Amino acid sequence: MAGCLFCGVVAGGVPAFRVADTPDGVAFLDIRPVFKGHVLVVPRPHVDDLPGLPGELLPGFFALVRRLAAAVPDALGAQGTFVAMNNVVSQSVPHLHAHVVPRTKGDGLRGFFWPRTRYADDAEATGYAERIAAVLAGG
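Since the structure is predicted, the reported quantities are computational estimates derived from the model, not experimental observations. (Residues numbered from 1 in each chain as written. Predicted model: local features only at pLDDT ≥ 70, side-chain atom pairs only at ≥ 80, totals over all residues. Heavy atoms only, no water.)

> What is the right way to look at the pattern of salt bridges in this model?
Side chains that differ in sign of charge can pair as their charged atoms come close. Applying the stated criterion across every chain, the model contains 3 salt bridges. When the shortest N-O distance is used, the salt bridge between R44 and D21 registers 2.0 Å. With R44 in the loop between β3 (39–42) and α2 (58–76) and D21 in strand β1 (residues 18–22), this residue pair connects regions lying 23 residues apart in the sequence. Look at R44 and you get partly exposed, because its relative accessible area is 29%. Between R103 and D107 there is a salt bridge; the shortest N-O distance is 2.6 Å. Within the structure, one salt-bridge network assembled from shared partners comprises R18, D21 and R44. (Salt bridge = Lys/Arg side-chain N within 4 Å of Asp/Glu carboxyl O. Helix = DSSP H or I, 4+ residues; strand = E, 2+ residues; numbered from the N terminus. Buried < 20%, exposed > 50% of the residue type's maximum accessible area, 1.4 Å probe, protein only.)

> Explain the nonpolar core to me, please; I cannot follow it from the model alone.
Note that soluble globular proteins tend to have their nonpolar side chains buried in a common cluster. Judged by nonpolar contacts, the single largest core of 14 residues is most densely connected at A27, V39, V41, F61, V65, L68 and V100. Every element with two or more residues in this core is listed here: β3, α2 and β5 (98–103). Examining the composition of this core, we find that 5 residues originate from one element, α2, more than from any other. Core analysis: the second largest hydrophobic core is formed by 10 residues, C4, V26, L40 and V93 among them. (Core = buried A, V, L, I, M, F, W, Y, C linked by side-chain atoms within 4.5 Å.)

By themselves, these observations are geometric and do not establish any function.
See below:
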């Protein structure tokens, strides 16, 4: 897509520190990493967000994300990874991308990046669960 930064990376017109270049996607270092070795994984075609990813691309894309989640700790001596994806909100580039961030115990990253909340009670939690389940069921 014209003007999309990540489409430019995929096409080779925008420079990036590539980690993987496969038919299923391209992986490259984030230029503003949470920790050094933070990788972004993008599908080759322009897709705005996860709901827009065609079903036939899911297996290959997520297999590439999984491969990166396994490779990053081995390559960097990390103990694990944090894998995350924003959809629309906080998505600085509107092209689907997964973050694979190296993690080490004591690295200072605490859980999620946002404040946590609680449900008022079980009834409120049940209401939220039922609303989501209804949409999944098509109703």
